[in-house]
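Breakdown of the fold
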Amino acid sequence: MSRFEKLLDRLGRERRLATEEYEELVRTLSREEAAGEREELFARAGRVREAVYGKKVYIRGLVEVSNVCRNDCYYCGIRKSNGHAVRYRMDQEEILECCREGYRLGFRTFVFQGGEDPAMTDEVVEALVAAVHREFPDCAITLSLGEKERESYQRFFDAGASRYLLRHETASPEHYRRLHPPSMSWEHRVQCLRDLKEIGYQVGCGCMIGSPFQTAEHLAEDLKFMERLQPEMVGIGPFISQKDTPFRDFPGGGLTQTLVMLGLIRLLLPRVLLPATTALGTIDPEGRQKGILAGANVVMPNLSPPVRRKQYMLYDNKLGTGEESAEGLALLKAQMQSIGYQVVTDRGDYPGT
Ligand code: SAM
């Protein structure tokens, strides 16, 4: 048995490795010539995922509620210093309309994502969550609204939100400082994740693959971080540059490395809900199918009105109207069927919650 197979065996058995071992796997498997090794990884990840979820792919309806943001992350198209972004904020009724359309299409999970918009106060978010919960009591509500204080997270939870996505962005505080201005702190972001867990949310962390200054060692630290946090969801996708940000000239993250990370995360966290993200679909026309075949089991079609989608430009050429949108659901179902998977419409909670 080769060294890499031994490492994969142990990861599959013990669900943990040393950081240097994760790094070795990331390096070995990301080499272009390691196609055979990657096939082995994806086959193992597929078996693990199938043992928990069968051939099911869960759908989440994404609503991009606001692109106003008080933060200035160097990579992000909706950072506050981007004077070219056309800002918007959806009101409760507009968001509810998206949910109604989504519900009609079969969505039973709604994800409200947005910048850290000062106008989305605790009262506004709480009222929104309560209204959606009242109108769609059989649906799960996921929030992805950035860093808040623990009391705020608790209020949203009490109002009916049960899941929260907050990518840790990088497990290395030193790398974090190269991606964010001094006003933002890695420690606070990680504290938020801990608070969310303690409150009882199903929590999603995650990072971009191929972000500026990222090394294989950083990705290994990300895996170690996930091993410790034991998140219920992980959102990863390639970094894609945006023309109005300080990182406009950096190359984007690669498909291969993103797929390798999806496969490794599935082995590490067998039950994790793992999306094949929009960013993955943006860098490769078959990115989402490839993501599923590498170990992912969730897709998040966009329920935002088309005009909003164009304004929520985190990176250049973001997908908007194809099978990744809610209207393209039939196409998405067909695509998943063509690779042997079945889109299902139940809430898809983390097993055991
Ligand atoms: N404000 C919330 C937060 O901070 O979690 C949610 C919105 S934020 C725009 C959602 C995610 O988009 C971030 O966690 C980041 O990883 C991703 N993102 C931002 N800019 C990106 C880029 N240029 N390429 C790929 N992903 C990007």
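We now turn to the structure provided with this report. It should be emphasised that the depicted structure is a prediction, and the values quoted were computed from it without experimental measurement. (Residues numbered from 1 in each chain as written. Predicted model: local features only at pLDDT ≥ 70, side-chain atom pairs only at ≥ 80, totals over all residues. Heavy atoms only, no water.)

A few words now on the overall build of the chain. Helix and strand content of the chain: 14 helices and nine strands. Relative to its length of 353 residues, the chain is compact, with a C-alpha radius of gyration of 19 Å against a globular reference of 20 Å. If you line up the chain on its principal axes, its C-alpha atoms span 60 × 45 × 35 Å. For the chain, buried positions account for 60% of its 353 residues. The contacts in the chain between residues at least 6 apart in sequence include a share of 75% that link residues at least 24 apart. For the chain, the exposed surface amounts to about 13,900 Å²; the carbon and sulfur share of it is 51%. For the chain, the distance from the average site of its 48 positive side-chain charges to the average site of its 51 negative ones is 2 Å. (Helix = DSSP H or I, 4+ residues; strand = E, 2+ residues; numbered from the N terminus. Rg over C-alpha atoms; globule rule 2.2 N^0.38 Å. Buried < 20%, exposed > 50% of the residue type's maximum accessible area, 1.4 Å probe, protein only. Contact = heavy atoms within 4.5 Å. Areas by Shrake-Rupley, 256 points an atom, 1.4 Å probe, with all protein chains shown as cover. Lys, Arg positive; Asp, Glu negative; His and termini not counted. Charge placed at Lys NZ, Arg CZ, Asp CG, Glu CD.)

The pairing of strands in a sheet comes from backbone hydrogen bonds and takes either a parallel or an antiparallel form. Strand order in the open sheet made by the six strands is E2-E3-E4-E5-E6-E7, with parallel pairing throughout. Strands with a single pairing partner mark the edges of an open sheet, and in this sheet they are strand E2 (61-66) and strand E7 (233-238). Looking at each pair of strands side by side, their axes are set apart by 20° on average, direction ignored. For strand E6 (residues 202-209) and E7, the ladder comprises six bridges, and the chain directions are parallel. (Pairing = 2+ DSSP bridges. Axes fitted to C-alpha atoms, helices over the stretch in contact; angles between N-to-C directions.)

Where helix H10 (residues 255-268) contacts helix H12 (residues 287-294), the two axes come as close as 8 Å, and the packing angle between them is 35°. Of the two possible hands of crossing, H10 and H12 adopt the one that is right-handed. Across the interface between the two elements, Leu255, Leu259, Leu262 and Gly263 of H10 pack against Lys290, Gly291 and Ala294 of H12. Classifying every residue of the contact of H10 with H12 by side-chain character gives four nonpolar, two polar and one charged. (Left-handed = near helix turned anticlockwise from the far one by under 90°. Nonpolar A, V, L, I, M, F, W, Y, C, P; charged D, E, K, R; others polar.)

Residues in close proximity to the ligand total 18 residues, the closest being Tyr75, Gly114, Arg167, Glu169 and Ile240. Here tyrosine 75 contributes a backbone N or O atom positioned 3.0 Å from a nitrogen atom of the ligand. Contact between the ligand and glutamate 169: an oxygen atom at 2.5 Å from a side-chain N or O atom of the residue. Contact with the protein chains covers 92% of the free accessible surface of the ligand, which is 560 Å². Partitioning the shell around the ligand into residue classes produces 10 nonpolar, five polar and three charged. (Near = heavy atom within 4 Å. Polar contact = N/O pair within 3.5 Å; in protein donor to acceptor, adjacent residues only side chain to side chain.)

On to the environment of glycine 54, then. Take glycine 54: it is sitting in the loop between helix H3 (35-53) and strand E1 (56-59). Since its relative accessible area comes to 23%, glycine 54 is described here as partly exposed.

Fair warning: the whole summary comes from geometry, so function is off the table for now.
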